[in-house]
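The residues making up each chain are set out below.
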Amino acid sequence: MPSRTPQGLVINFRKVFEALVGLPVSIIAATAGAELGQTPPLNVFIADYLPGIEAAARSKLVICNGGSPTSQQAIAAGVPVLGIASNMDQFLNMGAMVRAGAGRVLRADRVSAEEIRAAVTEMLASQTYAQAAANLAEISARYSATARFEAVIAQMAESTGSATTSSMNQGAVNHATD
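Residues numbered from 1 in each chain as written. Predicted model: local features only at pLDDT ≥ 70, side-chain atom pairs only at ≥ 80, totals over all residues. Heavy atoms only, no water.

Colleague: Please give an account of the overall build of the protein chain that cites residues and values.
Modeller: Along the protein chain, the regular secondary structure elements total 7 helices and 5 strands. Walking the protein chain from its N terminus toward its C terminus, one meets helices and strands in the order α-β-β-α-β-α-β-α-β-α-α-α. Going through the 178 residues of the protein chain one by one, you find that 31% of them count as buried. Of the contacts formed within the protein chain by residues at least 6 apart in sequence, a portion of 43% connects residues at least 24 apart. (Helix = DSSP H or I, 4+ residues; strand = E, 2+ residues; numbered from the N terminus. Buried < 20%, exposed > 50% of the residue type's maximum accessible area, 1.4 Å probe, protein only. Contact = heavy atoms within 4.5 Å.)

Next up, the structure:
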């Protein structure tokens with residue numbers, strides 16, 4: 001059965017593999033079921049899907065499309081991100097990562113294996129990215145998305161309830177004076 005994965009994803013996997021051949025790194029890659037059409041280099045382990053947080057925790061650098069799910073998993077593990085972005089949401093997400101010092105972004109439609117290799121080499125050699133990612137992990141660990149979500153919902157319910165009660169009371173007043 002042919003892969004339903006966009007051709008760009010396969011091309012970027014190939015560029016990443018090409019970029020990292022010969023570097024003293026091991027690569028774990030999740031393909032979301034895409035057929036890559038080539039035998040991966042010896043330093044590459046491929047799976048259809050991987051537990052993202054656990055994979056990030058075993059890594060020194062996460063390379064992804066720059067989207068928020070994988071980036072957030074990397075940050076939770078205190079690992080910097082190299083985003084090879086193609087969609088606006090990916091660029092926006094990676095913009096925040098870059099401003100925080102925990103990532104770099106490359107354009108998927110223009111990236112070369114040489115650019116990927118240079119970015120990976122720089123990011124692994126510099127402690128700046130790792131330290132920024134560790135700082136974000138510390139901040140993230142103190143933040144409870146569940147508690148924040150519950151507070152927002154409670155606030156919305158309270159606000160909506162007040163508006164409804166106020167509207168109902170206003171209607172009652174209007175009817176009483178007619």
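Colleague: Residue-level account of the sheet that holds strand 4 (residues 81-85), with values.
Modeller: The sheet built from 3 strands is open, its strands ordered 3-4-5 with parallel pairing. Strands with a single pairing partner mark the edges of an open sheet, and in this sheet they are strand 3 (62-64) and strand 5 (103-107). Averaged over all pairs of adjacent strands, the angle between their axes in this sheet comes to 15°, without regard to strand direction. The sheet contact formed by strand 3 and strand 4 spans 3 bridges and is parallel. By the bridge assignment, Ile63 is partnered in strand 4 with Leu82. Helix-sheet contacts for helix 5 (residues 113-125) involve strand 3, strand 4 and strand 5, and the interaxial angle to strand 5 is about 180°. (Pairing = 2+ DSSP bridges. Axes fitted to C-alpha atoms, helices over the stretch in contact; angles between N-to-C directions.)

Colleague: Could you give me a rundown of unusual backbone geometry, with the residues and numbers involved?
Modeller: Positive phi outside glycine occurs at Ala32, with the angle close to 55°. Looking at the element boundaries, Ala32 is found in the loop between strand 1 (27-30) and strand 2 (44-47). Take Ala32: its relative accessible area is 42%, and that puts it in the partly exposed class.

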